[in-house]
Amino acid sequence: NDWEDHLAVKHFSVEGQLEFRALLFVPKRAPFDMFETKKKKNNIKLYVRRVFIMDNCEDVIPEYLSFVKGVVDSEDLPLNISRETLQQSKILKVIRKNLVKKCLELFDDIMEDADNYKKFYEQFGKNLKLGIHEDSTNRKKLSELLRYPSSQSGDEMTSLKDYASRMKDGQKDIYYITGETREAVQNSAFVERVKKRGFEVLYMVDPIDEYCVQQLKEYDGKNLVCVTKEGLELPQDEEDKKRLEEAKAEFEGLCKAMKEILDKRVEKVVVSDRLVSSPCCIVTSQYGWSANMERIMKAQALRDTSTMGYMAAKKHLEINPKHSIIVALYEKVQEDENDRAVKDLVMLLHETSLLTSGFSLEDPQVHAARIHRMIKLGLGVDEEADASLESEDMPGLEDAPAEVDEASQMEEVD
């Protein structure tokens, strides 16, 4: 009953141990209530020998393919069927398996026409990603259908297959970054070094991508590696390794001092080789949530706060030894480790790297106060200049008796 023509259609019959015929349609646009929990789970109508049985049989097709509309007519199911016997029926499992297989073939057919597939992916990309999360048997086939923007694809989307064909010599992993918007991940500190070395990075900006990549650990023997997590190892020669080791040894004292100042706010402070133009960034441990996942979980209306404690990201601060700020800070720490300015600067660096790494600040007011203090320093304003403003809100104690006198004088006049 759609008001638009369908995007694709498949008509087939299956013979052998059991017989059934089916007609499947892929609509042009996704229904607005596609992921509503209360609506019926699918759009497949089940017939037995041309007699209509039911249109809400959940076992006929998995939930992620709920947008596919169609009719299935079986020769083997009994006519006097009830829901209970239907659930136990092995015939239904075979029908389901065949329908999923034919749906994936249908998507492959759509993929041959780039424009049509673009329309299809805009509408039903979320369903394919949900399929990767839920359907382990067809995960490999579904991964061929995924499309992502990347650092080298321009305005187009790229498939994992195309990415693999463009991989550089010596590159073993597929690099990706998750975030809120394409602009945010494109300019992120995490992709600086990877892009400078000429490696391609996939931009995953859909919230469901976080769940999808948890299941899709690899593609075609290549691991998917998140550039925002610790343990990112880019292919490097002996000279680079030697340089990094020297920097680690040189800045060990600074790392120790920063860790003491930040205390429990970070797990550890280490020298990084992933940064180019940023002074520092916050990376998360390999198996915890990423900053983006933490943001998604905090936005859940019915979230369980108890899981936030142990799943929340363990934060590691990575510093860029070549950056002028870090070099100047290193010199300042050498002079006097207990300098108040050093503590302020370290805190400020930590808070700004939290923001640039996609986390939210626990106490934005303190961060704002630090920024204001820096602005005052820049403008050459005395820190005590605003002390008078704070006291102006409260009336001075000297003025109070005068008001009392006025009041008593008025009474005398009355």
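Just so we're clear, the structure is a prediction, and the values are computed from it rather than from any experiment.

A short note on the overall build of the chain
A tally of helices and strands in the chain yields 17 helices and 12 strands. For the chain, the residues scored as buried account for 43% of the 414 residues in total. Of the contacts formed within the chain by residues at least 6 apart in sequence, a portion of 71% connects residues at least 24 apart. Total accessible area computed for the chain in this model is approximately 24400 Å², and 49% of it derives from carbon and sulfur atoms.

Brief notes about the nonpolar core
Core analysis: the biggest nonpolar cluster contains 76 residues, and Val26, Leu65, Phe67, Phe107, Phe120 and Tyr175 have the highest contact counts within it. Beyond its immediate chain neighbours, meaning those up to four positions away, phenylalanine 107 contacts Val26, Leu65, Phe67, Val68, Tyr117, Phe120, Leu128 and Leu145. Judged by nonpolar contacts, the second largest core, of 29 residues, contains Val266, Leu329, Val346 and Leu349.

Concerning the pairing of strand S3 (residues 43–48)
Here S3 shows a clear split, with Ile44, Leu46 and Val48 buried on one side and none of Asn43, Lys45 and Tyr47 buried on the other. Pairing between S3 and strand S5 (residues 69–74): 6 bridges, direction parallel. Paired with asparagine 43 across the two strands is lysine 69, which belongs to S5. Alignment of S3 against strand S4 (residues 51–54), held across 3 bridges, turns out to be antiparallel. Looking at the pairing, tyrosine 47 lines up with phenylalanine 52 of S4. Two successive antiparallel strands, S3 and S4, enclose a turn made up of 2 residues, where arginine 49 displays a positive phi of approximately 45 degrees.

Side note on the side chain of asparagine 138
Secondary-structure assignment places asparagine 138 in the loop between helix H3 (114–134) and helix H4 (139–145). Apart from the residues lying within four places of it in its own chain, the contact partners of asparagine 138 are Tyr64, Val100 and Leu104.

Considerations on unusual backbone geometry
Positive phi values are uncommon outside glycine, yet aspartate 220 reaches one of about 55 degrees. Within the secondary structure layout, aspartate 220 lies in the loop between strand S8 (218–219) and strand S9 (222–226).

Section: the confidence of the model for the chain
Any residue range with low pLDDT should be treated as having predicted coordinates unsuitable for detailed reading. Predicted confidence across the chain gives a mean pLDDT of 83, with 87% of residues reaching 70 or more. Here residues 391–414 is a poorly scored stretch, pLDDT under 50, and it has 0 contacts once near neighbours within four places are set aside; other chains count.

Some points on the sheet that holds strand S1 (residues 8–14)
Reading across the sheet, the 5 strands line up as S1-S2-S5-S3-S4 and stay open at both edges, with mixed pairing between neighbours. Every interior strand has two partners, whereas the edge strands, S1 and S4, have only one. Strand-to-strand, the axes of this sheet are offset by a mean angle of 20 degrees, without reference to chain direction.

Examining the pattern of salt bridges
Applying the stated rule across the entire model yields 21 salt bridges. Between glutamate 105 and lysine 102 there is a salt bridge whose closest N-O contact spans 3.7 Å. Here the residue glutamate 105 and the residue lysine 102 both occupy positions in helix H2 (residues 90–111), the gap between them amounting to 3 residues, near one helical turn. In this structure glutamate 105 comes out as partly exposed when scored by relative accessible area, which is 28%. In the salt-bridge network here, residues are joined through shared partners; they are Lys10, Lys102, Glu105 and Asp109.

Brief notes about the sheet that holds strand S12 (residues 315–319)
Either a parallel or an antiparallel arrangement is found when strands of a sheet pair, and the pairing is made through backbone hydrogen bonds. The strand order across the open sheet formed by 3 strands is S10-S12-S11, and the pairing between neighbours is mixed. Single-partner strands in this sheet number two, and they are strand S10 (268–271) and strand S11 (280–284). Sheet twist, expressed as the mean angle between neighbouring strand axes with direction ignored, is 30 degrees. In this structure, S11 lies alongside S12, joined through 5 bridges in antiparallel fashion. From the neighbouring strand, cysteine 280 faces S12, where its bridge partner is isoleucine 319. The sheet strands contacting helix H14 (residues 340–356) are S11 and S12, and the helix crosses S11 at an angle near 60 degrees.

Thoughts on the packing of aromatic side chains
The full count for this structure, using the stated rule, is 11 aromatic pairs. Look at phenylalanine 107 and phenylalanine 120: their rings are 5.0 Å apart centre to centre, the planes differ by 40 degrees, and that puts the pair in the tilted class. Taken together, the residues phenylalanine 107 in helix H2 and phenylalanine 120 in helix H3 connect sequence positions 13 residues apart. For the pair phenylalanine 107 and phenylalanine 120, a shared accessibility class is recorded, and that class is buried.

What counts as what
Residues numbered from 1 in each chain as written. Predicted model: local features only at pLDDT ≥ 70, side-chain atom pairs only at ≥ 80, totals over all residues. Heavy atoms only, no water. Helix = DSSP H or I, 4+ residues; strand = E, 2+ residues; numbered from the N terminus. Buried < 20%, exposed > 50% of the residue type's maximum accessible area, 1.4 Å probe, protein only. Contact = heavy atoms within 4.5 Å. Areas by Shrake-Rupley, 256 points an atom, 1.4 Å probe, with all protein chains shown as cover. Core = buried A, V, L, I, M, F, W, Y, C linked by side-chain atoms within 4.5 Å. Pairing = 2+ DSSP bridges. pLDDT = per-residue confidence, 0-100. Axes fitted to C-alpha atoms, helices over the stretch in contact; angles between N-to-C directions. Salt bridge = Lys/Arg side-chain N within 4 Å of Asp/Glu carboxyl O. Phe/Tyr/Trp six-rings, centres within 6.5 Å; stacked < 30°, edge-to-face > 60°.

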